[in-house]
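Breakdown of the fold
Below, each chain spelled out in residue letters.
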Amino acid sequence: MRNPLLQVENVTVRFGGLVAVNDFSLEVTQGTIHALIGPNGAGKSTTFNCISRFYQPNSGRIVFDGTDITRSPASEMAGCGIARSFQNLELFNELTVLENIMIGAHVHCGGSLRAWLQAKPPAVMHHIDEVIERTGLAPYRKHKARNLDFGHQKLLELARALAIRPRLLLLDEPAAGLRNREIATLDRLLTDLVRTDGLTVLIVEHVMQLVMSISDRVTVLNFGTKIAEGTPQQVRNDPAVIEAYLGKEAAHA
Ligand SMILES: Nc1ncnc2c1ncn2[C@@H]1O[C@H](COP(=O)(O)OP(=O)(O)OP(=O)(O)O)[C@@H](O)[C@H]1O
């Protein structure tokens, strides 16, 4: 049994009177793809925001590779080896594909961003070239982010996260708005990154076709509470999950 790379322990998040995440625990095993799913408003993004340290949980702990990061600032996450993509694209629209990815990689290099963009250190550029190649962005290297179609913008968001050489990749709805062909590309890329490079992925996703195909394990949230966990097959057939998505009648049909 491989070690957990990420442990979320009894996390609760309240927004005023609303309990968005309720005593939630999760373990993500190193070198696996773990999906966090659930209906709208279940608390998935809130959990993600706690892990990436944008939100502070009211109680509970978040442990990454044995270190308690519950009080660490979001700005330290990339340095720890945690990268994330956002549900709404957070690209620098006026910069090129290459520049957007270089900004992702800058986190490890310190110094001024301008000097770094001009210096282009060979070792880092080699890694960036590899990321560009693997994500299929090579033909768009010099294109401004705003001129890419939506599918390539999503890939650029992923490429920028990969540029920091993360150990844990947090993906918030990477397949949202993608066409079937683009989802198949994403499926192959993520599977390859995990199987070949040993990356660990925690993915929030509504596109079940992708979740069921790539995930080693799936955790289901509803109203901030974990209602099921297991292999894609186990979760797909779980009456509590069917009820959460489709209602009581469907679960007992
Ligand atoms: N900053 C916030 N302030 C107040 N309430 C919030 C905030 N963020 C989320 N919520 C509420 O917390 C609950 C969980 O929201 P969250 O965005 O985590 O759900 P989700 O599972 O990611 O949903 P979706 O799939 O629609 O993105 C919802 O009821 C939401 O309205």
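What counts and how
Residues numbered from 1 in each chain as written. Predicted model: local features only at pLDDT ≥ 70, side-chain atom pairs only at ≥ 80, totals over all residues. Pairing = 2+ DSSP bridges. Helix = DSSP H or I, 4+ residues; strand = E, 2+ residues; numbered from the N terminus. Contact = placed C-beta atoms within 7 Å. Axes fitted to C-alpha atoms, helices over the stretch in contact; angles between N-to-C directions. Core = buried A, V, L, I, M, F, W, Y, C linked by C-beta atoms within 7 Å. Buried ≥ 20, exposed ≤ 12 C-beta atoms within 10 Å, placed from the backbone. Near = placed C-beta within 6 Å. Nonpolar A, V, L, I, M, F, W, Y, C, P; charged D, E, K, R; others polar. Domains from an automatic or database assignment. Left-handed = near helix turned anticlockwise from the far one by under 90°. pLDDT = per-residue confidence, 0-100.

**As for the sheet that holds strand β2 (residues 18-29)**
- In spatial order, the strands read β2-β1-β4-β5; together these 4 strands make up an open sheet with antiparallel pairing. Only two strands of the sheet have a single partner each, and these edge strands are β2 and β5 (67-68).
- Across 2 bridges, the pairing between strand β4 (residues 59-64) and β5 is antiparallel. Bridging from a neighbouring strand, V63 pairs with D68 of β5.
- Strands in contact with helix α1 (residues 44-51) are β1 (4-15), β2 and β4; relative to β1, the strand with the most contacts, it is inclined by about 120°.

**Regarding the sheet that holds strand β3 (residues 33-37)**
- Strand order in the open sheet made by the 6 strands is β6-β7-β8-β3-β9-β10, with mixed pairing throughout. The sheet is open, and its two borders are formed by β6 (82-84) and β10 (225-230), each paired with just one other strand. The sheet shows a mean angle of 15° between the axes of neighbouring strands, taken without regard to direction.
- Pairing of strand β9 (residues 217-222) with β10, which is carried by 5 bridges, proceeds in the antiparallel orientation.

**Brief notes about the nonpolar core**
- Grouped together as the largest cluster of nonpolar side chains are 68 residues, with contacts concentrated most on I101 and A159.
- Examining the composition of this core, we find that 6 residues originate from one element, helix α6 (residues 150-162), more than from any other.
- The residues contacting A159, other than those within four sequence positions of it, are I101, V131, I132, T135 and L137.

**Quick word on the site of the ligand**
- Taken together, F15, L18, A20, G38, N40, G41, A42, G43, K44, S45 and T46 make up the full set of residues near the ligand.
- Of the residues forming the shell around the ligand, the biggest block, 3 residues, is contributed by α1.
- Among the residues making up the shell around the ligand, the classes are represented as 4 nonpolar, 6 polar and 1 charged.

**A short note on the domain arrangement of the protein**
- Structurally, the protein comprises domain 1 (1-81 + 166-253) and domain 2 (89-164).
- Distance between the C-alpha centres of domain 1 and domain 2: 26 Å.
- Every contact between the two is made by 11 residues of domain 1 and, on the other side, 11 residues of domain 2.
- Of all the secondary structure elements, the ones that give two or more residues to the side of domain 1 that touches domain 2 are α2 (77-80) and α7 (180-197).
- Looking at which element gives the most residues to the side of domain 1 that touches domain 2, the answer is α7, with 3 residues.

**Observations concerning the packing of helix α3 (residues 97-105) against α6**
- α6 packs onto α3 with a crossing angle of 35° between their chain directions and a minimal axis gap of 7 Å. α6 is crossed by α3, and the crossing has right-handed handedness. Residues V97, N100, I101 and G104 of α3 form the contact with α6, whose participating residues are L156, A159, R160 and A161.
- Tallied by class, residues from the contact of α3 with α6 come to 5 nonpolar, 2 polar and 1 charged.

**A look at the confidence of the model for the protein**
- Looking at the protein as a whole, its pLDDT mean stands at 90, while 94% of the residues score no less than 70.
- Our summary of model confidence lists the complex with pTM equal to 0.91 and ipTM equal to 0.96.

**Describing the pairing of β1**
- Sheet topology places β1 next to β2; 8 bridges connect them, and they run antiparallel. Along β2, the bridge assignment pairs L6 with V28.
- Strand direction decides the pairing type here: β1 and β4, joined by 5 bridges, are antiparallel. Bridge pairing links T12 to S59 in β4.

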